[in-house]
Amino acid sequence: MSQDWDNWEEKEWEQRKTQEMNEVINLLQESGIDFNAEGDKIMIKGDVDYAELYSLPTISIVQGDNIIAFDRLDKISDFNKITVRTPADVKSVNISVGVHAYYKYPYLIIHF
């Protein structure tokens, strides 16, 4: 019985990760952001604009006139956030706290 529950939770998490990854991909496509999706990672090429690693961890990068940010909000909320700021608009997607991001030159990598 316990194993069935564990399998259900794992399936549920995998479906949620896939759904959230698709939401982020749609946001990036709608905003005209250049990126690659491989497996459970989205890699967005850009230069670091801002990084705060302590109070509310944030990494933002610049790609042309666009700013893409990952905000880790798990200390104050039950979600994290991806925000895309273009000259025309600002859009964001909430994602699970299990999703994390890091910068490895020259990419912001969002790992689901």
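Since we're looking at a predicted model, the values are computed, not measured. (Residues numbered from 1 in each chain as written. Predicted model: local features only at pLDDT ≥ 70, side-chain atom pairs only at ≥ 80, totals over all residues. Heavy atoms only, no water.)

Student: Just checking my understanding: could you explain the side chain of E20 for this structure?
Tutor: Along the chain, E20 turns up in helix α1 (residues 2–30). Engagement of the side chain of E20 in a polar contact is seen with the side chain of S96, the distance being 2.7 Å. (Helix = DSSP H or I, 4+ residues; strand = E, 2+ residues; numbered from the N terminus. Polar contact = N/O pair within 3.5 Å; in protein donor to acceptor, adjacent residues only side chain to side chain.)

Student: Before we go on, may I ask you to explain the nonpolar core in this structure?
Tutor: Note that soluble globular proteins tend to have their nonpolar side chains buried in a common cluster. One finds V24, I42, I44 and I110 to be the most contacted residues of the largest nonpolar core, which totals 22 residues. Where this core is concerned, the elements lending two or more residues are α1, β2 (41–45), β4 (58–63), β5 (66–71), β6 (80–85), β7 (90–95) and β9 (107–111). Discounting residues that sit within four places of it in the chain, I110 has contacts with V24, D40, K41, I42, I44, I82, V99, H100 and A101. (Core = buried A, V, L, I, M, F, W, Y, C linked by side-chain atoms within 4.5 Å. Buried < 20%, exposed > 50% of the residue type's maximum accessible area, 1.4 Å probe, protein only. Contact = heavy atoms within 4.5 Å.)

Student: Sorry, what's going on with the sheet that holds β7 here?
Tutor: Across a sheet, paired strands are connected by hydrogen bonds in the backbone, their directions being either parallel or antiparallel. Read from one edge of the open sheet, 5 strands run β3-β4-β5-β6-β7, paired in antiparallel fashion. If you trace the sheet from one side to the other, it starts and ends with β3 (47–52) and β7, each paired once. Averaged over neighbouring strand pairs, the angle between their axes works out to 15° when direction is ignored. In this sheet, β4 lies alongside β3 in antiparallel orientation, the contact comprising 5 bridges. By the bridge assignment, D47 is partnered in β4 with V62. (Pairing = 2+ DSSP bridges. Axes fitted to C-alpha atoms, helices over the stretch in contact; angles between N-to-C directions.)

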